[in-house]
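Here is how the chains run, residue by residue.
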Amino acid sequence: VYYKENIVASLYAQADWFTPAEIEAPAIEGVYFYDRLTGKNIVLDAIPAAIFSEVKRDIDLVVRVAHIGGVDPEASHSTVDLR
């Protein structure tokens with residue numbers, strides 16, 4: 001939540017916990033921006049670059065820390081090259 005700019009960023013993930021689908025890993029479905037006062041969607045062009053960058057950094061952190069499986073994505077050559 002960015003109170004000064006009245007922007008809320010929300011991340012939605014598909015996670016079917018405690019169902020037969022739980023064998024599959026959760027997947028990020030989308031990131032959405034809302035006006036904090038009205039609750040209406042904000043288009044990406046209206047998001048300040050610094051806020052967009054911070055939200056993307058937070059999402060990257062979630063993906064890096066919440067990985068699944070036995071391979072650490074930080075250690076893979078392709079991940080290091082990508083970053």
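Predicted model, so just to flag it, every value in this text is computed and none were measured. Starting afresh in each chain, residues are numbered from 1 along the sequence in its written order. In view of the model being predicted, local features appear only for residues whose pLDDT reaches at least 70, and side-chain atom pairs are presented and counted only at 80 or more, with totals across whole chains, interfaces and linings using the full set of residues. To get the side-chain values, all heavy atoms of the structure are used, and hydrogens and water are removed first.

### Here's the deal with the overall build of the protein chain
Inference 1: A count of helical and extended segments in the protein chain gives two helices and two strands.
Inference 2: Think of it in three bands: residues with accessible area under 20% of the maximum for their type are buried, residues over 50% are exposed, and the middle band is partly exposed, with areas taken using a 1.4 Å probe on protein chains only. For the protein chain, buried positions account for 16% of its 83 residues.
Inference 3: A fraction of 41% describes how many contacts in the protein chain between residues 6 or more apart in sequence connect residues 24 or more apart.
Inference 4: Exposure was quantified through the Shrake-Rupley algorithm and a 1.4 Å probe, taking into account, for residues, occlusion by the shown protein chains and nothing else. Carbon together with sulfur atoms contributes 58% to the accessible area of the protein chain, which is approximately 6600 Å² in total. In this description a helix means any DSSP run of H or I spanning at least four residues, a strand means any run of E spanning at least two, and both kinds are numbered starting from the N terminus. It only takes one pair of heavy atoms within 4.5 Å for two residues to be counted as in contact.

### A word on unusual backbone geometry
Inference 1: Phi is positive for asparagine 6, which is not a glycine, with a value near 60°.
Inference 2: Mapped onto the fold, asparagine 6 is located in the segment before strand E1 (7–14).
Inference 3: On the basis of relative accessible area, asparagine 6 is assigned to the buried category, the value being 18%.

### Considering the confidence of the model for the protein chain
Predicted coordinates in regions of low pLDDT should not be interpreted in detail.
Inference 1: Confidence per residue, as judged by the predictor, is encoded in pLDDT with a range of 0 to 100. Mean pLDDT for the protein chain: 80, with 66% of residues reaching 70 or above.
Inference 2: Per-element averaging of pLDDT across the protein chain places helix H2 (residues 77–82) at the bottom with 61 and strand E2 (residues 27–35) at the top with 90.

### Let's talk about the side chain of serine 10
Inference 1: Summarising the element assignment, serine 10 is placed in strand E1.
Inference 2: The residues touching serine 10, leaving out its near neighbours within four places in the chain, are Gly30, Val31, Tyr32 and Tyr34.

### Points about the nonpolar core
Inference 1: We define a nonpolar core as any set of buried Ala, Val, Leu, Ile, Met, Phe, Trp, Tyr and Cys residues linked to one another through side-chain atoms lying within 4.5 Å. Membership of the largest hydrophobic core is limited to six residues, which are Ile7, Phe33, Ile47, Ile51, Val55 and Ile59.
Inference 2: Setting aside residues up to four positions removed in sequence, phenylalanine 33 forms contacts with Ile7, Val8, Ala9, Lys40, Asn41, Ile42, Leu44, Ile47, Phe52 and Val55.

### Thoughts on the pattern of salt bridges
Inference 1: Salt bridge, as applied in this entry: a Lys or Arg side-chain nitrogen positioned within 4 Å of an Asp or Glu carboxyl oxygen. In total, this model carries two salt bridges according to the counting rule given.
Inference 2: Between arginine 57 and glutamate 54 there is a salt bridge; the shortest N-O distance is 2.8 Å. On the criterion of helical spacing, the pair formed by arginine 57 and glutamate 54 is a turn pair, its members being three residues apart in helix H1 (residues 49–65).
Inference 3: By relative accessible area, which is 34% here, glutamate 54 ends up partly exposed.
Inference 4: Residues arginine 57 and aspartate 58 are paired through a salt bridge, measuring 3.4 Å at the closest nitrogen-oxygen approach.
Inference 5: Residue classification places arginine 57 among the partly exposed positions, given a relative accessible area of 45%.
Inference 6: A residue is classified by how much of its surface remains accessible, and aspartate 58, at 36% relative accessible area, is partly exposed.
Inference 7: Beyond isolated ion pairs, a larger network of salt bridges with shared partners links Glu54, Arg57 and Asp58.

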